[in-house]
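Observations on chain architecture
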Amino acid sequence: MASALDPTLPIIDVQRVSLQFPLSSPIVATAVASNVLLLALASNRLLRFDLENPSDIDDIDLPLPATKIGTIRKLFLDPTGSHCLISTTLGEVFYLHSNGRVVKSLGRLRGVVVEAVGWNVEGPTQGTREIVVGGRDGGVWEVVVESGGGGGFMGKEERFVKRVWEAGEAVTGLWADLVGSRQQGTRRIVVASQGALRVWIGKGGRSGDTAGVFGKIFEGETPSVYEVERGDGYGGISSLAISPDAEGTGAGSDAAERAYAWLCAQGVYSGALLTQSTDLSALGRLMFHDSHMFPKSQLPPMQSSSGRNRTMQPPISSMILTQFHVLMLQEGRLTAVNRLDDTLVYNQEVFEPGQTILGLYADQQKNTYWLLTSAEIYEIVVTDEDRDVWKIMLKKGNYEAAQRYAHSAEEKDAVAAATGDHLIGQGKFAEAAIVLGKSSKPFEDVALGFIDQGEHDALRKYLLTKLAGYPKSFIMQRTLLVSWLTELYMAKLNQLDDTISTKAELAAGATASEMQKQLPVVRKEYQDFVTRNKADLDVKTIYEVIGAHGREEELLYFASVVNDFDYVLEYWVQRERWTEAMAVLKKQTSPEVFYKYSTVLMSHSAVDLIEVLMRQPSLDPKKIIPALLTYNRTIGSSVPLAQNQAIRYLSFCINHQVSTLPAVHNTLIALYASSASSDESALLSYLETQSAAHEHHYDADFALRLCIAHKRVASAVHVYCTMSQPSSAVDLALKYNEIEIAASVADRPGNDDILRKKL
């Protein structure tokens, strides 16, 4: 099948194939499978073409002259092109393998005028496996032919031949396959005769059993039967056609169900060749229930040479199936009808009267179709034959199939709109919302429709689907949609909360407990929505929407998603929820946030705050000092120095961050000096450490004033000494009766004898 999707190309086109050489005698039979074309000539020669390499031709002769075996009348080629049965006019049956050129007589089938073969679908092998053969006398045989790799036979004759059923009239079509899963091992056999179509379903026998694989089914199962009246003028022409493999699948694939068509006295009876059912034994009845007859009277009448409709219309002489069409031949006219709705898609006189027409042929695996006369070969080119299937499925109400067969954006859109309307009519609003969200049906019509129905959940799904379909460049549309969706989420969450709190029974029968289960699901859906679409959110609008509904948790989640941690912190601080505030602060890295909230948090969660501040190397300690002083004034003065968090932080800045900022050092001195403790060892230790390191990053005058003001005599003496004022140091010590401190200053080695005597 051509793959081009050009609507100007005809679905059906008949093209003559030019042979590279003249035929020595007329064609009397043909078969095609897997790109292998077999032509039987009136001279009993076989020509085997590889259609992928047309110059590769095998010329094969039958082993005996026509006077003994008759002339070739029909060829039967399996779908893989590996096995061929040859039937002659004198009832001889021969076998030919694709790997060889030796034609072998099947002696145990001698006398059978073969009309149909049902091949084994379980895959190609060197042999045919079990197949069924139908004869003109009404007999059905199960046959197994074994072949060597070179086309020869492993034994002297076919391995198994058994007559397994009797039709009572000519068997005109056979099909055998597996139904259900392969593990179930259930087989189906379809037998077409001139007046009836029969379907058997059952477990087959084992290979090698005397009853046969198919014979067991014929013996033990009752067929489903569809019969027709033959009527006057019936020419006895009958056949069974099976649709080719679906594109992209192999032989025997379960990927797609096939169709069948039975040519009978009334016309063409066709339907799906169903393979799945909860009750496999009922598949035959189901097939017939869903099938329909295309009466031959519905074909356009053929006209005589005078231009008038012929009184007696000729019978359909040949029929095959494409994926979606039935091709029928009446004398020299080819007609194609869509099997889904019986519409006529092709009706042309292909041949002039008087030509010997062999019929129509299909390559089941390669999806190619052929029309042959005794002298010419034509290919029926089928292009984009499913182009209108979506319309047909839409009319039938098969919306899923319509969507599958819609190719263009316009087709898919039309299917989506119709499917959505259908689902709304069935009350399936949630499903309709998703489908309509992918269609171009007017937005306001769909949205207002859901609102009028009170289907706010469906409206939410519709808007979400629409949002997913808008590109990022649709900024305004996306912003409006996310704002509306936020409103819907808040309304839904409030509805659920109200139901839970009042333990109300809803009109639809849902209970508060069911609402309790829905609440976390909807909340999680909202959170995912905000996270996924945060780039489209208008922050001010969303704050207003969520705030208007009083949704505290959703408000905070939104603020976190948009990185508005200042809002979150402010929220918790205002409500004096210090643990929650600290949890947010721990995740921050912006110094400004710490500067802003350090004062209030030092007063209520000092230990945790200092832990966080000590992990922030980019902070400017000077900007933290106001918070430390506030803390020290309200809390720090009442706790031991070892637990004073302001001193802890300043000591960390000096000892670990090696801060040289005078403000840091001066503040530490101030906290030490103003401490309620009479022990000044910590202050003195700090001052001595500074001196030992030959560093004086503090303001000595400031330190001295504080030490004197708070009677930190030892520390003040140390500062006087660092200022090279030993006399002042001794005087201060003596003033407070600190004789030992005064003596230690006087005895310091840095003082000369005169000064020491003076001191």
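It should be emphasised that the depicted structure is a prediction, and the values quoted were computed from it without experimental measurement.

What the chain contains, in helices and strands, is 26 helices and 28 strands. The C-alpha atoms of the chain give a radius of gyration of 48 Å, which is well past the 27 Å a tight globule of 759 residues would have. Along the first, second and third principal axes, the C-alpha atoms of the chain reach 155 × 65 × 50 Å. Here the chain holds 759 residues, and the buried ones make up 49% of them.

Looking now at the confidence of the model for the chain. In this model, the chain carries a mean pLDDT of 89, and residues with pLDDT of at least 70 account for 93%. Predicted confidence is poor over residues 250–255, with pLDDT under 50, and the contacts of this stretch with residues over four places away or in other chains come to seven contacts.

A few words now on the sheet that holds strand β16 (residues 196–203). Taken together, four strands build an open sheet; the order of strands is β14-β15-β16-β17 and the sheet is antiparallel. The open sheet is flanked by β14 (171–179) and β17 (224–227), the only strands paired with a single partner. Direction aside, the axes of adjacent strands within the sheet are offset by 10 degrees on average. In the sheet, β16 pairs with β17 via four bridges, with the strands oriented antiparallel. Across the sheet, residue A196 finds its bridge partner in β17, namely E227.

Here we take up the packing of helix α17 (residues 606–613) against helix α19 (residues 645–655). At a closest axis distance of 10 Å, the pairing of α17 and α19 adopts a crossing angle of 10 degrees. On the basis of their axis angle, the class for α17 and α19 is roughly parallel. From α17, A606, V607, I610, E611 and L613 reach across to α19, where they touch Q645, R648 and Y649. The class makeup of the residues in the contact of α17 with α19 is five nonpolar, one polar and two charged.

Further remarks concern helix α16 (residues 591–604). Residues spaced three or four apart along an α-helix point in a common direction, a consequence of the helix completing one turn every 3.6 residues. With 14 residues, α16 extends 20 Å from end C-alpha to end C-alpha; this agrees with the ideal 20 Å at 1.5 Å per step. Of all the bends found along α16, the most pronounced is centred on S598 and spans about 55 degrees. Taken together, the buried positions of α16 are V593, F594, Y595, Y597, S598, L601 and M602. Buried-residue contacts for α16 involve α14 (565–574), α15 (578–585), α17, α18 (625–634) and α19.

Relative orientation of the contacting elements helix α24 (residues 726–735) and helix α25 (residues 739–746) amounts to 165 degrees, with a least axis distance of 7 Å. In terms of orientation, α24 and α25 fall into the roughly antiparallel class. In terms of crossing hand, the pair formed by α24 and α25 is left-handed. Of α25, the residues touching α24 (which contributes P726, A729, V730, A733 and L734) are I739, I741, A742, V745 and A746.

Turning next to the sheet that holds strand β2 (residues 27–33). The four strands are arranged β2-β3-β4-β5 in an open sheet whose pairing can be described as antiparallel. In this open sheet, the two strands that pair with only one neighbour each are β2 and β5 (53–61). Ignoring which end each strand starts from, the neighbouring axes of this sheet average 20 degrees apart. Of the strand pairs in this sheet, β2 and strand β3 (residues 36–41) are connected by six bridges, and their pairing is antiparallel. Note on β3: the bridge partner recorded for V32 is L37.

With that settled, consider the packing of aromatic side chains. The full count for this structure, using the stated rule, is 22 aromatic pairs. Seen in terms of ring centroids, W200 and F218 are 4.7 Å apart; in terms of plane orientation they differ by 65 degrees. Their pairing is edge-to-face. Taken as a pair, W200 in strand β16 and F218 in helix α2 (residues 213–220) lie far apart in primary sequence, 18 residues in all. Judged by its relative accessible area of 1%, W200 is buried. Between Y571 and W572, the aromatic rings sit 5.2 Å apart at their centres with planes inclined by 85 degrees, giving edge-to-face as the arrangement. With relative accessibility at 7%, the residue Y571 sits in the buried group. Grouping aromatic residues by their ring pairs yields a cluster made of Y226, Y260, W262, Y269 and F288. Above the ring of Y571, the side-chain terminus of R575 is found at 3.6 Å from the ring centroid.

Counted under the stated rule, the structure contains 30 salt bridges. We note a salt bridge from R48 to D58, for which the minimum N-O separation is 3.0 Å. Taken together, the residues span a long stretch of sequence, with R48 in strand β4 (residues 45–50) and D58 in strand β5 at a distance of 10 residues. What makes D58 partly exposed here is its relative accessible area of 21%. For K540, the salt bridge identified is with E544, shortest N-O distance 2.8 Å.

Bringing the side chain of T128 into the picture now. With respect to the helices, strands and loops of the structure, T128 is situated in the loop between β10 (114–118) and β11 (130–135). Filtering out sequence-adjacent residues up to four positions away, T128 remains in contact with H83, Y95, W119, N120, V143, V144 and V145.

Scoring rules and cut-offs
Residues numbered from 1 in each chain as written. Predicted model: local features only at pLDDT ≥ 70, side-chain atom pairs only at ≥ 80, totals over all residues. Heavy atoms only, no water. Helix = DSSP H or I, 4+ residues; strand = E, 2+ residues; numbered from the N terminus. Rg over C-alpha atoms; globule rule 2.2 N^0.38 Å. Buried < 20%, exposed > 50% of the residue type's maximum accessible area, 1.4 Å probe, protein only. pLDDT = per-residue confidence, 0-100. Contact = heavy atoms within 4.5 Å. Pairing = 2+ DSSP bridges. Axes fitted to C-alpha atoms, helices over the stretch in contact; angles between N-to-C directions. Parallel < 35°, antiparallel > 145°, perpendicular 65-115°, else oblique. Nonpolar A, V, L, I, M, F, W, Y, C, P; charged D, E, K, R; others polar. Expected span 1.5 Å × (residues − 1). Bend = angle between axes of the 7 residues up to and from the residue. Left-handed = near helix turned anticlockwise from the far one by under 90°. Phe/Tyr/Trp six-rings, centres within 6.5 Å; stacked < 30°, edge-to-face > 60°. Lys NZ or Arg CZ within 6 Å of the ring centre and 35° of its normal. Salt bridge = Lys/Arg side-chain N within 4 Å of Asp/Glu carboxyl O.

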